[in-house]
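Per-entry structural report
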Amino acid sequence: MENKISVTSDNIFPIIKKFLYSDKEAFLRELVSNATDAVTKLKTIIRLGQFEDNIDNFKINILINKENKKIHIIDNGIGMTKKEVEKYINQIAFSGAEEFIQKYNKYEKHNIIGHFGLGFYSSFMVSNKVMIFTQSYQKKESSIFWSCEGSPNFLMKEIEKRDIGTEIILFINEESKEFLEYDYILKLLQKYCKFMPIEIYLSTKDNKNTLINKTSPAWIKKATQLIDKDYKDFYHELYPNQLEDPLFWVHLNIDHPFHLTGILFFPKIEKKIEIQRDKIYLYQNQVYITDNLEGIVPDFLSLLKGVIDSPDIPLNVSRSHLQSDKSVKNISKYITRKVADKLDLMFKNNRENFQKKWEDIKIIVEYGMVSNQNFFEKAINFFIIYTVKNVYFTLNEYKEKIKNIQINKEGNIVFLYSSDKEEQYSYLKEAEYRGYEVLILNSPLSIHLIQKLESYYKDICFVRIDSDHIDKLIKKEDKYYSELSEKEKKELKDFINEQMCNYKFSSIQLEDLSKKDYPFLIILPEFLRRMKEMSYMGKEIKDKNYQLIVNTNHILMKKILKETYDEKRKQIIQEALNLTLLSKNLLHGKNLTSFISKKLEDLINK
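Conventions used here
- Residues numbered from 1 in each chain as written.
- Predicted model: local features only at pLDDT ≥ 70, side-chain atom pairs only at ≥ 80, totals over all residues.
- Heavy atoms only, no water.
- Buried < 20%, exposed > 50% of the residue type's maximum accessible area, 1.4 Å probe, protein only.
- Helix = DSSP H or I, 4+ residues; strand = E, 2+ residues; numbered from the N terminus.
- Pairing = 2+ DSSP bridges.
- Axes fitted to C-alpha atoms, helices over the stretch in contact; angles between N-to-C directions.
- Parallel < 35°, antiparallel > 145°, perpendicular 65-115°, else oblique.
- Left-handed = near helix turned anticlockwise from the far one by under 90°.
- Contact = heavy atoms within 4.5 Å.
- Nonpolar A, V, L, I, M, F, W, Y, C, P; charged D, E, K, R; others polar.
- Polar contact = N/O pair within 3.5 Å; in protein donor to acceptor, adjacent residues only side chain to side chain.
- Salt bridge = Lys/Arg side-chain N within 4 Å of Asp/Glu carboxyl O.

**Let's talk about the pairing of strand β12 (residues 280–284)**
Most of β12 is tucked away, with 5 of its 5 residues classed as buried. Neither face of β12 is open: one carries Ile280, Leu282 and Gln284, the other Tyr281 and Tyr283, and all of them are buried. In this structure, β12 lies alongside strand β14 (residues 305–309), joined through 4 bridges in parallel fashion. Counterpart to Tyr281 in the pairing with β14 is Val307.

**What about the packing of helix α17 (residues 566–583) against helix α18 (residues 589–605)?**
Close contact between α17 and α18 brings their axes to 11 Å; oriented N to C, the two are set at 115°. The orientation of α17 relative to α18 falls into the category roughly perpendicular. By crossing handedness, the relation of α17 to α18 is classed as left-handed. Contact residues: Gln571, Glu575, Asn578, Leu579 and Leu582 in α17; Leu592, Phe595, Lys598 and Lys599 in α18. Residue composition of the contact of α17 with α18, grouped by class: 4 nonpolar, 2 polar and 3 charged.

**A word on the environment of Ser419**
Looking at where Ser419 falls in the secondary structure, it is placed in the loop between β17 (413–418) and α11 (425–433). When the C-alpha positions of Ser419 and Ser443 are compared, they lie 8.1 Å apart, and in sequence the two are 24 residues distant. Setting aside residues up to four positions removed in sequence, Ser419 forms contacts with Gln424, Leu441, Asn442 and Arg464. A distance of 3.0 Å separates the side chain of Ser419 from the side chain of Gln424, its partner in a polar contact.

**Points about the pattern of salt bridges**
When the charged atoms of two side chains lie near each other, side chains of opposite charge can form a pair. Scanning the model with the defined rule gives 30 salt bridges in all. Here Lys515 ties to Glu483 by a salt bridge, and the two come within 2.7 Å at their closest N and O atoms. Of this pair, Lys515 sits in the loop between β20 (507–511) and β21 (520–523) while Glu483 is found in the loop between α13 (470–473) and α14 (486–499), placing the two residues 32 residues apart along the sequence. Note on Glu483: relative accessible area 42%, which makes it partly exposed.

Structure follows, in structure tokens:
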């Protein structure tokens with residue numbers, strides 16, 4: 001006799017097939033998860049003394065019958081009675097897992113996977129027909145057969161006694177033939193079921209038999225049970241294409257106010273932020289869910305690798321997407337705090353070793369400080385900077401070292417820095433000559449971080465070494481006096497202005513500098529350069545934003561003033577200016593070609 005599944009609409013199956021899961025492959029995860037739950041439930045009942053038969057080998061078997069276009073999912077778990085089939089199969093979205101947890105939770109904690117009761121019906125995404133054979137652990141109950149061809153109509157009857165457990169048979173439809181390929185199913189099982197808590201085997205009719213999973217992955221163990229080799233082996237198991245070992249790791253384990261375990265690995269990261277191909281994986285009770293952890297893992301920690309497992313992370317009904325709520329925010333805060341605590345502990349326990357790893361982890365720390373206030377407040381204690389001489393300091397240590405030496409005219413402590421020692425070599429030599437300390441800040445996030453640090457400390461400012469003459473960046477008591485008269489200065493400026501028709505500087509300033517300084521200095525003021533580096537429109541800031549400084553005390557200036565031939569004077573100015581532009585990589589196009597041609601001509605005529 002045929003009956004009808006209890007649903008609100010006869011169109012429920014088309015909806016399930018099209019909209020419940022974003023990927024058809026999810027059916028395999030759901031059915032294996034159900035089988036895992038069934039075995040876990042029976043193991044619980046045995047531990048509680050409510051079932052006396054001795055089962056030595058709990059397992060789940062997936063059998064592919066390509067010839068007959070069938071897949072069998074077989075478990076030796078708790079099984080179902082007739083009433084349970086009516087309740088959990090015939091009534092869509094009634095979760096037997098939820099009811100079991102409520103019934104037995106007073107005895108012990110359970111790692112039951114299912115929640116929504118819809119997983120079984122994902123099988124109809126790939127099947128024309130689904131059959132169930134099941135025998136409850138309650139021996140007095142009959143074995144039950146159930147069959148449905150993807151409509152609200154089904155067939156259910158008592159059958160001859162079977163062994164305890166459940167067998168589900170999928171009759172794969174024509175559009176889903178790829179799921180009959182052994183290698184494809186193997187790949188999917190290794191993706192979703194690699195660490196499930198019950199042994200899972202993939203078999204074929206010709207007796208090909210493969211164990212899919214490891215039932216006790218590293219993250220479910222206590223940190224005291226693992227040694228460094230265990231962590232490294234697990235890392236390479238997760239990411240077989242990673243040749244290098246991780247730098248270190250953070251073991252997560254919390255039971256209140258939410259349950260979460262996991263391991264986050266710090267890989268070696270270059271000085272750039274890029275999309276990670278090997279991401280952090282989210283599991284629920286050892287079932288793979290997704291590698292999209294937006295909201296759970298802060299953006300800056302997405303540069304890490306590893307596993308997070310929590311039954312308390314809310315998912316949508318198909319378990320394919322995360323849902324944001326207060327618990328997700330609390331989990332995110334916990335993960336952030338644990339990572340910060342680990343870094344702080346490493347810094348305090350072995351600073352020398354921490355400093356050796358700094359180049360490989362600083363981009364993560366900087367990203368966290370820029371984007372996450374909770375992390376910033378903790379990281380300020382272990383964030384380190386280093387000078388061109390490769391000496392490391394915390395921010396407070398460095399402040400203390402330079403507070404009486406490097407002060408600007410506003411009274412702020414000046415953190416001089418270089419982004420490129422080679423490119424800014426001459427400026428570094430000037431600072432070194434005066435006994436100043438210069439930092440190396442060369443990551444893509446440096447400019448964003450120094451903005452935040454200046455806001456936090458109030459009494460410091462960061463200035464790149466080439467943003468002005470060194471004696472203007474740091475307050476200096478001694479002053480240089482020009483040997484030129486005001487009339488000579490005016491005349492000199494007129495000569496130079498006349499020569500600037502091919503160049504667009506924002507301003508030309510005469511400065512009384514040292515005789516040892518260069519005749520010309522081209523600078524981009526700190527605030528303009530920051531705008532350039534922080535803005536995606538940075539390319540639009542052209543040479544016209546640079547300022548030209550003329551050193552009135554350089555010997556060349558007197559030579560220019562004494563020269564009576566206009567062409568010769570113009571040549572002197574042009575040569576000196578071209579050399580200055582070349583040193584700043586600002587000599588382009590026609591001017592660069594003319595400069596090179598002139599130099600070649602000089603060589604030929606020598």
